[in-house]
Amino acid sequence: QVQLVESGGGLVQPGGSLRLSCAASGSIFRAYAMGWYRQAPGKQRELVARIAPGGHINYADSVKGRFTISRDNPKNTVYLQMNSLKPEDTAVYYCNAVHALSPSTNYWGQGTQVTVSS
């Protein structure tokens, strides 16, 4: 069992920055691929960025060059640094953990709201 707790969301002006954190507990963090997803009102949840246990990273095209995902295995934490934020980045951001050897074993955090507005 893995518990995920996100933090760091909030209101920011266009062009600003935020850093989201996701603290994991309850299992072997380094065995999980960690991802950030987001869901805007009326839209489907979409992948923002994902980092595998070995460090391989994928980004959505819409955030490449602006967002950076990283993980700190000793701290059981994954981060999403978001720069040059745009109004279209407004969404609830969710942390996700998928076991590298058992993809059906996956967990979600409760979500954190990010609002980009002037």
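As the structure is a computational prediction, the values presented were derived from the model and not from experiment. (Residues numbered from 1 in each chain as written. Predicted model: local features only at pLDDT ≥ 70, side-chain atom pairs only at ≥ 80, totals over all residues. Heavy atoms only, no water.)

## Let's talk about the overall build of the protein chain
And step 1. Of the regular secondary structure elements, the protein chain holds zero helices and eleven strands.
And step 2. Ordered by position from the N terminus, the helices and strands of the protein chain form the series β-β-β-β-β-β-β-β-β-β-β.
And step 3. What you see for the protein chain is a C-alpha radius of gyration of 14 Å, in line with the 13 Å of a compact globule of 118 residues.
And step 4. Dimensions of the protein chain, computed from C-alpha atoms along their principal axes, come out at roughly 40 × 25 × 25 Å.
And step 5. Burial status across the protein chain gives 40% buried among its 118 residues.
And step 6. Across the protein chain, contacts joining residues at least 24 apart in sequence account for 54% of those joining residues at least 6 apart.
And step 7. Approximately 6100 Å² of the protein chain is accessible, and the part contributed by carbon and sulfur atoms is 49%. (Helix = DSSP H or I, 4+ residues; strand = E, 2+ residues; numbered from the N terminus. Rg over C-alpha atoms; globule rule 2.2 N^0.38 Å. Buried < 20%, exposed > 50% of the residue type's maximum accessible area, 1.4 Å probe, protein only. Contact = heavy atoms within 4.5 Å. Areas by Shrake-Rupley, 256 points an atom, 1.4 Å probe, with all protein chains shown as cover.)

## Details of the sheet that holds strand β3 (residues 18-25)
And step 1. Reading across from one edge, β1-β3-β8-β7 is the order of the four strands in this open sheet, with antiparallel pairing throughout. Looking at strand neighbours, the two that pair on one side only are β1 (3-7) and β7 (67-72), the edges of this open sheet. Here the strands of the sheet are splayed against their neighbours by 15° on average, with no regard to which way each runs.
And step 2. In the sheet, β3 pairs with strand β8 (residues 77-82) via six bridges, with the strands oriented antiparallel. Pairing of S21 across the sheet is with Y79, part of β8. (Pairing = 2+ DSSP bridges. Axes fitted to C-alpha atoms, helices over the stretch in contact; angles between N-to-C directions.)

## Description of the pairing of β3
And step 1. Sheet topology places β1 next to β3; five bridges connect them, and they run antiparallel. Paired with Q3 across the bridge in β3 is S25.

## A closer look at unusual backbone geometry
And step 1. The backbone of N76 shows a phi angle near 55°, a positive value even though the residue is not glycine.
And step 2. Even without being glycine, S84 reaches a positive phi, approximately 50°.
And step 3. By the element assignment, S84 lies in the loop between β8 and β9 (91-99).
And step 4. For S84, a relative accessible area of 41% corresponds to the partly exposed category.

## Notes on the side chain of N96
And step 1. Of note, N96 is situated in strand β9.
And step 2. Not counting residues up to four positions away in its chain, the partners in contact with N96 are L4, A33, M34, G35, Y37, N106, Y107 and W108.

## A look at the packing of aromatic side chains
And step 1. In this structure the tally under the stated criterion is three aromatic pairs.
And step 2. Ring geometry for Y32 versus Y107: centroids 6.3 Å apart, planes at 55°, classification tilted. Linking Y32 in strand β4 (residues 32-39) with Y107 in strand β10 (residues 102-108), this pair joins segments that are 75 residues apart in sequence. With respect to burial, Y32 and Y107 carry one shared label: buried.
And step 3. Geometrically, the ring pair formed by Y37 and W108 is edge-to-face, given 5.0 Å between the ring centres and 65° between the ring planes. Highlighted residues: Y37 in strand β4 and W108 in strand β10, separated in sequence by 71 residues.
And step 4. With relative accessibility at 16%, the residue Y37 sits in the buried group. (Phe/Tyr/Trp six-rings, centres within 6.5 Å; stacked < 30°, edge-to-face > 60°.)

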